[in-house]
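# Coordinate inspection notes
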Amino acid sequence: MTEPNAFSSPAVPQTWMGRLGKARLPLWVALAAVVILLVVLGWQYIAMNRADARLTAERQTLSSQFQADRSALVTELKAKVDANADETKRQFGIALAWAVRGEMIRNNLDQIDQFFNEIVKLPHTDRVLLADSTGKVRVSTDRRYLGVELSTLVPVEATLPDEVAVRAGPDETKLLVIPVMGLNSRIGTVVVSYRQPDVLVGN
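Residues numbered from 1 in each chain as written. Predicted model: local features only at pLDDT ≥ 70, side-chain atom pairs only at ≥ 80, totals over all residues. Heavy atoms only, no water.

## Description of the environment of Ala158
Relative to the assigned elements, Ala158 resides in helix H4 (residues 156-159). Owing to a relative accessible area of 8%, Ala158 belongs among the buried residues under this scheme. Each C-alpha atom of the pair Ala158 and Leu176 lies 9.5 Å from the other, and the pair is 18 residues apart in sequence. With sequence-adjacent residues up to four places away left out, Ala158 is seen in contact with Arg167 and Val177. (Helix = DSSP H or I, 4+ residues; strand = E, 2+ residues; numbered from the N terminus. Buried < 20%, exposed > 50% of the residue type's maximum accessible area, 1.4 Å probe, protein only. Contact = heavy atoms within 4.5 Å.)

If you want it as C-alpha cells, here you go:
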C-alpha cells in the first residue's frame, strides 16, 4: 500500500461555481435564453417607438395650435389696424370735402387740381378725381379720365351715400368716397383710390 507523500499537493475541493463552469447547458436552455433576450429587446424597441411617436404627435399638435393662435392674432391685429386706418381716412376726407366745396363754389378747379396733385404724391395713393353733380369727371390726377362718367370708374352704389366712406375697389385697392355737399344738394364727389399698406409685414 502506497503511503501518502508528505510533499504531494492536497486535493482542492471544487466549488459550485467551478462545477457550473464545466457543466454543459442543454441546447433548449440556451435557445430559451436567446428567445427571452430577443423578447426583451423587442419590447424595448416597441416602447421606444411608441414614445417617439407620442412625442412627435405632441409636437405636431403644439405646432398646429401655435400656428392657429398666431393666425388668429394676426387677423385680429390686421382688422384693428385697418379699422383705425379707415377712420383716419374718413377724417381726412371730411377735411378735404370742405376744402373742395369752397373751391367748387368759386369755380376754382385749378386750385382743386393742385390739391389733388399733392395728395396723389402720398404713399400708396393711385389717383384722385372729382366728378360734378352730373357724374362727369372734372378734375383728375390721371388726365385720361377727364370727361369720363364716374359710374364707369366707380360702382354707383359706392357713390350714393351722402357721407364720407371707405369702399373696396378693384384689384385690392380701396376707395375713399367723399361727397361734396352744397347748401341744399350734392355738388360733387371726390374719389381717392389707394392701396392699404400691410403694416404687419412692413410694406
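Picking up after the structure, the text goes on.
## Let's talk about the sheet that holds strand S4 (residues 174-181)
The antiparallel open sheet is built from five strands, whose spatial order is S2-S1-S5-S4-S3. If you trace the sheet from one side to the other, it starts and ends with strand S2 (137-140) and strand S3 (165-168), each paired once. Between one strand and the next, the sheet's axes are offset by a mean angle of 25 degrees, whatever the strand orientation. Relative to strand S5 (residues 186-194), strand S1 (residues 125-132) is paired through seven bridges, and the arrangement is antiparallel. Counted as the bridge partner of Leu129 is Val191 from S5. (Pairing = 2+ DSSP bridges. Axes fitted to C-alpha atoms, helices over the stretch in contact; angles between N-to-C directions.)

## Examining the pattern of salt bridges
The full count for this structure, using the stated rule, is nine salt bridges. The partner of Arg106 in a salt bridge is Glu103, and the shortest N-O contact between them spans 2.9 Å. With a relative accessible area of 58%, Arg106 lands in the exposed category. A residue is classified by how much of its surface remains accessible, and Glu103, at 10% relative accessible area, is buried. Of the charged contacts, one joins Arg144 and Asp142 as a salt bridge, the two residues approaching to 2.7 Å between their closest N and O atoms. (Salt bridge = Lys/Arg side-chain N within 4 Å of Asp/Glu carboxyl O.)

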